[in-house]
Amino acid sequence: MDNIKITFNEIDFILPSYRYNIQFSYVSKQGLSFIREYILRVVQLGAISPNNIASYFGLNEREAKEAISDLIKREEIKYNENNHLELTEKSQGYFESLGSALNVSELRSSGSNLGFELTSLTCVSSRNTRLGRVWTQGFSVDMSSSKIANRDRLVSKAFQRHFSDLIEDGYMDHVKDKEGGQPSIYKVESLNQIGKDPYRLKLTFEMDIDGAAIEIGDIDSLKDSSEALELIASIINDHSRKNNHKEIRDAISSLGDRHTSKLFTATNFKVDEFIHLKTSDGANKKLHIPFIGPLYSNENWRIFSDLFEQEKKRIISKHQDDIVDFKWIVPSNAFWGKSDRVNLCFSELYNGSKTSGKKAKTLYNLKIMLPLSDPKNRKEKNNWMHEFSSIKNNLYGYIDGYMDGDVEIVLLADSLVAVTYFLNIPESYRVPIPVGFISMDKGLIDAITYSLNGYLSEFHDEDQRKNLNRLDKL
């Protein structure tokens, strides 16, 4: 029990990575096959006839001919005027002295497309291992201008310094010697940037059984994560809000939620109470299923999605003509939606809004409602449109301010609701704790619907209600 860790938030941070075409030369240190090496060792002792080689190694005529032919093609042995075999100038260089270990090397040229992030100069992509293309749904990590200006030089040095590691890690399999030798870099011939890609760091924030935050350790995917962690800490500090436990308690009370306020104090989260609530009768009856972490996290979304699919089947079985209203009220908390998981959830809802078949029927009207400080704020509107461009026809606006921007509501009219409170306790936790519940309790759903509709129907100004139109119509 003491080793339990609770993930209370999952946040993506996006590092820029720069992709280069690198042309280089390297020294190939080749190993030799057994028969090839020992034929060369015998020939080193003195010129020898092909028949004697066959006899010495117990080869038949065909086997001896193939082995000798291969070595001649490699320009490692040759016939002298007596029709005996001797070493070439190339293979003589393999031996420092009679009977010494072989030193087989060759200067070769090659090239590779590799991507490097700049905090630790870690290689993060290649021609065969490409990164995603999505720069949204995460906090962008800005690099220093000096590093960006000097990125070509830094990448060139990193490539040379970690040449062996790049081969070992599978980024340059084409450079490996088939005989098992270890190549080494000789010279970078040219280095040209060919792209810029997002490198997504997915960080989980955890607490122990007593509710104490667990410090984030090193990021395994980076050679050295110290600079990245410093930049991430700066981003978190810049977006941190004051302690809002009182405001969240007020929101809990106003929505008719009788349970969530038991889960925290002004200074910490009560893990034992949360575990107790998860196994309660209310949770089992789908009246109040508590969760911690964003609704769009894997575990929480699986619970919500399963119940949502049940409700869809019920809607289909009723053969009703009306289209059910489905709203997702996005909060203005800066830490909401900083994960590419949210796009997957939106896509699932969008793709499931109609029945399949030739006579597809719309089951629900999906409205992703996004906060705006003002309906005329084009920058905010365009940012949201860019963030969720794949479902732009389902994006709607509303005037920011519902529950201080720290409450998220996902509501399928009259049947299913998920509420997430973004609890800020910066003295104890670096990032907000999303905590909330999923419910099919009709009375609770009615209370939440009343609260939400009451806010949306209020006037923002003389003739504009807080419930706005589609974003592309504003």
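Predicted model only: the values in this text are computed from it and were never measured.

Caption draft 1: Main features of the overall build of the chain. Within the chain one finds 15 helices and 16 strands. Computed over C-alpha atoms, the radius of gyration of the chain comes to 33 Å, more than 25% over the 23 Å expected from 2.2 N^0.38 for 474 residues, which places it beyond the range of a compact globule. With respect to the principal axes defined by its C-alpha atoms, the chain has extents near 105 × 55 × 50 Å. Within the span of the chain, comprising 474 residues, buried residues form 48% of the whole. Looking at the chain alone, contacts between residues at least 24 apart form 74% of all its contacts between residues at least 6 apart. As displayed, the chain has an accessible area near 23,800 Å², and 46% of this comes from carbon and sulfur atoms. Of note, the chain has its 61 positive side-chain charges centred 6 Å away from the centre of its 67 negative side-chain charges.

Caption draft 2: Fine view of helix H9 (residues 245-254). Along H9, the positions that sit buried rather than exposed are His245, Ile248, Ala251 and Ile252. Taken end-on, H9 shows its buried residues confined to a sector of 115°, consistent with a single buried face. For H9, exposure combined with an orientation more than 90 degrees from the buried face picks out Lys246, Asp250 and Ser253. Check the buried side of H9 and you find it contacts strand E13 (407-412) and strand E14 (416-423).

Caption draft 3: Region of the structure containing the packing of aromatic side chains. All told, the structure shown has 24 aromatic pairs when counted by the stated rule. Between Tyr56 and Phe57 the ring centres are 5.0 Å apart and the planes differ by 80°, which places this aromatic pair in the edge-to-face class. Ring geometry for Trp336 and Phe388: centres 6.2 Å apart, planes at 65°, overall edge-to-face. With Trp336 in the loop between strand E10 (324-329) and helix H13 (341-351) and Phe388 in the loop between helix H14 (378-387) and strand E12 (395-399), this pair connects stretches of sequence that are 52 residues apart. Both residues of the pair, Trp336 and Phe388, belong to the buried class. Among the aromatic side chains, those forming a connected cluster through ring pairs are Tyr296, Trp301, Phe304, Phe308, Phe326, Trp328, Trp336, Phe346, Tyr364, Trp384 and Phe388. In this structure, Arg41 packs its charged tip against the face of Tyr38, placed 5.8 Å from the ring centre. A cation over a ring is seen here: Lys367 above Tyr396, with NZ or CZ 5.0 Å from the ring centre.

Caption draft 4: Region of interest: the sheet that holds strand E15 (residues 433-439). Judged by pairing direction, the sheet is mixed, and its eight strands sit side by side in the order E9-E15-E14-E13-E10-E11-E12-E16 without closing on themselves. Looking at the sheet topology across the chains shown, the edges are occupied by strand E9 (289-292) and strand E16 (467-470). Taking the axes of each pair of neighbouring strands and ignoring which way they run, one obtains an average angle of 20° across the sheet. Here E10 pairs with strand E11 (residues 364-372) via six bridges, running parallel. Considered in E11, the bridge of Ile329 is made with Met369. Against the sheet, H9 makes contact with E13 and E14, and its axis sits at roughly 165° relative to E14, the strand it touches most.

Caption draft 5: Focus on the side chain of Thr420. Relative to the helices and strands, Thr420 is located in strand E14. The exposure class of Thr420 is buried, given its relative accessible area of 0%. Here Thr420 is in contact with Phe291, Leu295, Asp406, Val407, Glu408, Pro434, Val435 and Gly436, once residues within four sequence places are set aside.

Caption draft 6: The arrangement of empty space enclosed by the protein in detail. Evaluation of the coordinates by the stated rule reveals one cavity of 30 Å³ or more. As a volume, the largest cavity reaches approximately 70 Å³. Along its surface, the largest cavity is lined by 13 residues, and Ser240, Arg241, Asn424, Val431 and Pro432 are the ones closest to its centre. Tallied by class, the residues present in the lining of the largest cavity amount to seven nonpolar, four polar and two charged.

Caption draft 7: Inspection of the nonpolar core at higher detail. Within the largest apolar cluster, 120 residues are counted, with the highest numbers of intra-cluster contacts made by Phe269 and Trp328. The leading source of residues in this core is strand E1 (residues 5-29), at ten residues. Membership of the second largest hydrophobic core comes to 14 residues, among which are Leu40, Ala67, Leu71 and Leu85.

Caption draft 8: Quick peek at the layout of surface pockets. Its boundaries defined by the atoms lining it, the largest pocket holds a volume of some 710 Å³. Considering the residues around the largest pocket, the lining is formed by 26 residues, among which Phe139, His239, Ala334, Lys338 and Asn383 are closest to the centre. Put simply, the parts of the chain that give the lining of the largest pocket at least two residues each are strand E6 (139-140), helix H8 (226-239), E11 and H14. With five residues, H8 is the single largest residue contributor to the lining of the largest pocket.

Caption draft 9: How the structure looks around the pattern of salt bridges. Overall, the coordinates contain 19 salt bridges when judged by the stated rule. The partner of Arg133 in a salt bridge is Asp197, and the shortest N-O contact between them spans 2.3 Å. Taken as a pair, Arg133 in the loop between strand E5 (123-126) and E6 and Asp197 in strand E7 (residues 184-208) lie far apart in primary sequence, 64 residues in all. Across the pair Lys242 and Glu247 runs a salt bridge whose closest N-O atoms are separated by 3.2 Å.

Caption draft 10: Broad picture of the packing of helix H1 (residues 34-45) against helix H2 (residues 50-57). At a minimum axis separation of 11 Å, H1 and H2 run at an interaxial angle of 125°. Here H2 runs oblique to H1, going by the angle between their axes. Considering how the two elements wind past one another, H1 and H2 form a crossing that is right-handed. Residues Ile35, Tyr38, Ile39, Val42 and Val43 of H1 touch H2, and the partners they reach there are Ile53, Tyr56 and Phe57. Partitioning the contact of H1 with H2 into residue classes produces eight nonpolar, no polar and no charged.

The rules behind each value
- Residues numbered from 1 in each chain as written.
- Predicted model: local features only at pLDDT ≥ 70, side-chain atom pairs only at ≥ 80, totals over all residues.
- Heavy atoms only, no water.
- Helix = DSSP H or I, 4+ residues; strand = E, 2+ residues; numbered from the N terminus.
- Rg over C-alpha atoms; globule rule 2.2 N^0.38 Å.
- Buried < 20%, exposed > 50% of the residue type's maximum accessible area, 1.4 Å probe, protein only.
- Contact = heavy atoms within 4.5 Å.
- Areas by Shrake-Rupley, 256 points an atom, 1.4 Å probe, with all protein chains shown as cover.
- Lys, Arg positive; Asp, Glu negative; His and termini not counted.
- Charge placed at Lys NZ, Arg CZ, Asp CG, Glu CD.
- Arc of directions from axis to C-beta.
- Phe/Tyr/Trp six-rings, centres within 6.5 Å; stacked < 30°, edge-to-face > 60°.
- Lys NZ or Arg CZ within 6 Å of the ring centre and 35° of its normal.
- Pairing = 2+ DSSP bridges.
- Axes fitted to C-alpha atoms, helices over the stretch in contact; angles between N-to-C directions.
- 1 Å grid on protein atoms, 1.4 Å probe; cavity = no way out; pocket = protein on both sides within 12 Å on 5 of 7 lines; lining within 4 Å.
- Points joined across faces, edges and corners; volume = space filled by probe spheres on them.
- Nonpolar A, V, L, I, M, F, W, Y, C, P; charged D, E, K, R; others polar.
- Core = buried A, V, L, I, M, F, W, Y, C linked by side-chain atoms within 4.5 Å.
- Salt bridge = Lys/Arg side-chain N within 4 Å of Asp/Glu carboxyl O.
- Parallel < 35°, antiparallel > 145°, perpendicular 65-115°, else oblique.
- Left-handed = near helix turned anticlockwise from the far one by under 90°.

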